[in-house]
Amino acid sequence: MMQTNFWVSKKVLITGHTGFKGSWLSLWLQHLGADVYGYSSSLPVSEPHLYGIAQVSKNMDSMYGDILDYERLQIFIQKIQPEIIFHLAAQPLVRESYIEPIATFSTNVMGTVHLLEAARHTESVRLVINVTTDKCYENSSNSLLGFIEKNPVGGSDPYSASKACSEIVTTAYERSFYTNSSKLLSSARAGNVIGGGDWATDRIIPDIIRSITNKQPLNIRYPQAIRPWQHVLDCLNGYLLLAQKMWESGEKYIGSWNFGPGESSIISVAQLIEECNKYLGNKLEVLYESDTQPYEATTLVLNSEKAEKLLNWGIELPVKQSIEWTMDWYRNYMSNSLNDLTLRQISNYEKIKAARLS
Ligand SMILES: NC(=O)c1ccc[n+]([C@@H]2O[C@H](COP(=O)([O-])OP(=O)(O)OC[C@H]3O[C@@H](n4cnc5c(N)ncnc54)[C@H](O)[C@@H]3O)[C@@H](O)[C@H]2O)c1
């Protein structure tokens, strides 16, 4: 039986807390009663950004610094003595990784090394979860059933390869330094997360929102590309459940974990846009650059049976509801109540989850 007040007063460090997922995770953990700390670059990830809009920093202590500044990171971790660490700081965009491969590999690979090294020298740390991606798998091993955790990692573009390297670093640290210590280490793999407050470049939901606010048509190259879509809260719920299980039950839960949506969450970009447009009062004008060519890239599907069975994790928000919540968030954007709305969506999510489990 999992403790419901597990997070109360737990000291939790989130790297990348100023980003899209990091902001949601920070607010959720604050809401659960944890003592939350953050370490991220000083530059905002986008303009605007959820971190500022939802006043994420109000109830946590933050340090702004590069993950590649080992000394600064180590001093901060030593000072706060966290018990649980979620490592999200990364360069997360595929297209950016072609433009800035050195920065991408540095942040995503050496950043992970720095974090795991600092954590292993900090006595208070009980567990670390390294957040990677569904793109860390070597594509040749794709199967209709989806990738399972044991499939080999790899990557053809700099971002995917850097995350595969981050996975290898995690395994090496676990085997070399964490085994037989009091610390536990895991990695979490998910992809195509949607939710309010994302303004990253080259992601479909932020592109839709920018088109609406700039009153410009949205150009879409591959409307028939199909993707599994997942609400950010379903993904973060996986990270939280994993951390709690690792804390409560130990070694059995170390390793890698997939948190992907099921088949019913796989829809085309065109369907996603159509669904979003419904909630936006059909104000979005879309220009399809080539709507006849089938999309060639393989669709990444994660098999998440391990998390479903061992963590009792599952998708609480089906794809249409995920889109509705996401559009609801953006519709409220610019109002003064986004902190309330973000927390309300967290509470509603918890109710849905509790109802399924009862
Ligand atoms: N959003 C998605 O759909 C998605 C999908 C799969 C995996 N992920 C992974 O989840 C994590 C978070 O993604 P996100 O979408 O929130 O990204 P984001 O760009 O919104 O946030 C990235 C965070 O990392 C920090 N960061 C970047 N470089 C840094 C550096 N050198 N030093 C210190 N901090 C640095 C940024 O300041 C920010 O806080 C990443 O590891 C990403 O690869 C995201």
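Everything quoted here is computed from the prediction, not taken from an experiment. (Residues numbered from 1 in each chain as written. Predicted model: local features only at pLDDT ≥ 70, side-chain atom pairs only at ≥ 80, totals over all residues. Heavy atoms only, no water.)

### Re the pattern of salt bridges
Moving on, step 1. Within the structure shown, the criterion is met by 9 salt bridges.
Moving on, step 2. Two residues, Lys 278 and Glu 275, come together in a salt bridge whose shortest N-O distance is 3.0 Å. Of the two residues, Lys 278 and Glu 275 are both situated in helix α9 (residues 269–279); the distance of 3 residues between them amounts to about one turn of the helix.
Moving on, step 3. Note on Glu 275: relative accessible area 10%, which makes it buried.
Moving on, step 4. With its nearest N and O atoms 3.1 Å apart, the salt bridge here joins Arg 356 to Glu 316. One end of the pair, Arg 356, is in helix α12 (residues 338–357); the other, Glu 316, is in the loop between α10 (305–310) and α11 (319–331), with 40 residues separating them in the sequence. (Salt bridge = Lys/Arg side-chain N within 4 Å of Asp/Glu carboxyl O. Helix = DSSP H or I, 4+ residues; strand = E, 2+ residues; numbered from the N terminus. Buried < 20%, exposed > 50% of the residue type's maximum accessible area, 1.4 Å probe, protein only.)

### Concerning the site of the ligand
Moving on, step 1. What surrounds the ligand is a group of 27 residues, the closest being Thr 18, Phe 20, Ile 67, Tyr 159 and Lys 163.
Moving on, step 2. In the model, an oxygen atom of the ligand is placed 3.3 Å from a nitrogen or oxygen of the Ser 40 side chain.
Moving on, step 3. Considered on its own, the ligand offers 830 Å² of accessible surface; in the complex 92% of this is hidden by protein.
Moving on, step 4. Where the shell around the ligand is concerned, the elements lending two or more residues are α1 (20–31) and α6 (158–178).
Moving on, step 5. Split into classes, the residues belonging to the shell around the ligand amount to 11 nonpolar, 12 polar and 4 charged. (Near = heavy atom within 4 Å. Polar contact = N/O pair within 3.5 Å; in protein donor to acceptor, adjacent residues only side chain to side chain. Areas by Shrake-Rupley, 256 points an atom, 1.4 Å probe, with all protein chains shown as cover. Nonpolar A, V, L, I, M, F, W, Y, C, P; charged D, E, K, R; others polar.)

### Here we look at the sheet that holds strand β5 (residues 127–131)
Moving on, step 1. Taken in spatial order, the 7 strands make up an open sheet running β3-β2-β1-β4-β5-β6-β11, and their pairing is parallel. Here the strands that pair on one side only, and so sit at the sheet edges, are β3 (61–64) and β11 (255–258). Between one strand axis and the next, the sheet turns through 20° on average, direction left out of account.
Moving on, step 2. Across the face of the sheet, α6 comes into contact with β5, β6 (184–189) and β11 while running at roughly 165° to β6. (Pairing = 2+ DSSP bridges. Axes fitted to C-alpha atoms, helices over the stretch in contact; angles between N-to-C directions. Contact = heavy atoms within 4.5 Å.)

### Some words on the packing of aromatic side chains
Moving on, step 1. Per the counting criterion, the structure on display carries 15 aromatic pairs.
Moving on, step 2. Between Tyr 39 and Phe 76, the aromatic rings sit 6.1 Å apart at their centres with planes inclined by 40°, giving tilted as the arrangement. Pair noted here: Tyr 39 is in strand β2 (residues 35–40) and Phe 76 is in helix α3 (residues 70–80), with a separation of 37 residues, a long-range link.
Moving on, step 3. Judged by relative accessible area, which is 1%, Tyr 39 ranks as buried.
Moving on, step 4. By relative accessible area, which is 5% here, Phe 76 ends up buried.
Moving on, step 5. A ring pair is formed by Tyr 253 and Trp 257, whose centres lie 6.0 Å apart and whose planes are at 15°; its orientation type is stacked. Here Tyr 253 matches Trp 257 in class, with each residue buried.
Moving on, step 6. Pairwise contacts between aromatic rings join Phe 6, Trp 7, Phe 86 and Trp 247 into one cluster.
Moving on, step 7. Geometry around Phe 6 places Lys 10 over its ring, the cationic atom sitting 4.3 Å from the centre. (Phe/Tyr/Trp six-rings, centres within 6.5 Å; stacked < 30°, edge-to-face > 60°. Lys NZ or Arg CZ within 6 Å of the ring centre and 35° of its normal.)

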